[in-house]
Amino acid sequence: MIFLKKTLQVGEGSVLNQQSALKRLWKKNAIPYLFLAPWLIGFFVLTLYPMINSLYLSFTEFNMLESPKWIGMQNYIKMFTEDERYLKSLSVTFKFVFISVPLKLFFALMVALLMNRKMRGIEFYRTVYYIPTLLGGSVAIAAMWRKLFSSDGVINRIIYMLAGIEAPNWIANPSYALYTLIILAVWQFGSSMVIFLAGLKDIPKEYYEAAQVDGANKFQSFIHITLPTLSPVILFNLVMQIIMAFQSFTQAYVVSNGQGGPLDSTMFYTLYLYLKGFYYFEMGYASAMAWILLLIIAVFTAIIFATSKYWVSYGDGRD
């Protein structure tokens, strides 16, 4: 009995010690958690719960008027076997990503090289080149783009004055409509330019001085010094721009009046997702499309990181 009482007392003492330790830990971390509370509430309520709910809805038939009806994998099967418009949206989106992202990064790097030079008023020029990024994703700029490339727009008037020929209605022509959106995307190279510029300023000048002593010209220095040293920045910009390109929506919605025309030539994946969910009220199908988009972006990102060991140099022994 004495041994049992001592055991119970030791047990009660350890429990009390644990409780007091938890109280001390809570008092110590209460204020940080209080400041984190808005973010945590936003994450769980506005991000995590909607994601879990959309995953469930992707396996249902749900028109937002009736209760969801479980249909299993039918939404996913329908995408790739019955819905030709879905496959068209995939084709358009891939074409947009594969053309716009390399062009955007190329122009961003070229402008960053120019902005890295010492010249009078360079801060003003950097600001001017960044302005399109601040404005380019807005509805107003997309509407302006539609006017620029219309049959009687500024672009066609310039072509007529310079060459004396009647140019097509770029927006209404299925052969050219997507390329006008690609130009709009490339025009918004400011954010990538700023990141490239920061990377260029981080390259030690001694590298170029040593290359110059060895007889290397500017092109050789760019190929053997600038690009390898800048490769981690290129990796970052490439990943970010691919993610943003797959999520492009506003430009196509405004330019095509929300229908992806003409002949679905500007039917971006996100635009078709929006139409399925909020125009045709097929929210279950739209949720399945959203998860496929997430999977596509994840696969492309994984491929880029997996291949980065062959072309990214960190300068610290890592390849």
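Residues numbered from 1 in each chain as written. Predicted model: local features only at pLDDT ≥ 70, side-chain atom pairs only at ≥ 80, totals over all residues. Heavy atoms only, no water.

Quick word on the overall build of the protein chain
Within the protein chain, the secondary structure is distributed over 13 helices and two strands. Looking at the 319 residues of the protein chain, the share that counts as buried comes to 36%. At a minimum sequence separation of 6, the contacts of the protein chain that also span at least 24 residues come to 67%. Split by element, the accessible area of the protein chain, about 20,100 Å² in all, is 67% carbon and sulfur. (Helix = DSSP H or I, 4+ residues; strand = E, 2+ residues; numbered from the N terminus. Buried < 20%, exposed > 50% of the residue type's maximum accessible area, 1.4 Å probe, protein only. Contact = heavy atoms within 4.5 Å. Areas by Shrake-Rupley, 256 points an atom, 1.4 Å probe, with all protein chains shown as cover.)

A few points about the packing of aromatic side chains
Considering all chains together, one arrives at 20 aromatic pairs under this definition. When the ring of F59 is compared with that of Y76, the centres are 5.5 Å apart and the planes differ by 45°; the resulting orientation is tilted. You can see F59 sitting in the loop between α1 (2–57) and β1 (60–61) and its partner Y76 sitting in helix α2 (residues 74–81), a full 17 residues away along the chain. Here the aromatic residues Y56, F59, W70 and Y76 are joined through ring pairs into a cluster of three or more. Looking at K78, its charged tip hangs above the ring of Y285, at a distance of 5.1 Å from the centre. (Phe/Tyr/Trp six-rings, centres within 6.5 Å; stacked < 30°, edge-to-face > 60°. Lys NZ or Arg CZ within 6 Å of the ring centre and 35° of its normal.)

Remarks on the packing of helix α3 (residues 84–115) against helix α7 (residues 177–187)
α7 packs onto α3 with a crossing angle of 35° between their chain directions and a minimal axis gap of 9 Å. In terms of crossing hand, the pair formed by α3 and α7 is right-handed. Contacts between α3 and α7 involve V92, K95, F96, I99, S100, L103, K104 and F107 on the former and, on the latter, L178, Y179, L181, I182, A185 and V186. When grouped by side-chain class, the residues that make up the contact of α3 with α7 number 11 nonpolar, one polar and two charged. (Axes fitted to C-alpha atoms, helices over the stretch in contact; angles between N-to-C directions. Left-handed = near helix turned anticlockwise from the far one by under 90°. Nonpolar A, V, L, I, M, F, W, Y, C, P; charged D, E, K, R; others polar.)

Describing a nonpolar patch on the surface
Residues W39, I41, F43, F44, V45, L46, L48 and I52 make up a contiguous nonpolar surface patch of about 820 Å² in total accessible area. Secondary-structure assignment places V45 in helix α1. (Patch = residues over 30% accessible without salt bridge, like charges linked within 9 Å, V, L, I, M, F, W, Y side chains within 5 Å. Salt bridge = Lys/Arg side-chain N within 4 Å of Asp/Glu carboxyl O.)

Some points on the side chain of N156
When you line up the elements, N156 lands in helix α6 (residues 154–163). The exposure class assigned to N156 is buried, which follows from its relative accessible area of 5%. Residues within four places of N156 in sequence aside, it is in contact with S150, S151, A167, P168, N169 and W170.

Quick notes on the pattern of salt bridges
Following the criterion strictly, the structure yields two salt bridges and no others. Close ionic contact of R85 with D264 constitutes a salt bridge, the shortest N to O distance being 3.1 Å. In this pair, R85 sits in helix α3 while D264 sits in the loop between α11 (250–255) and α12 (269–279), placing the two residues 179 residues apart along the sequence. The class of D264 is buried, set by a relative accessible area of 17%.

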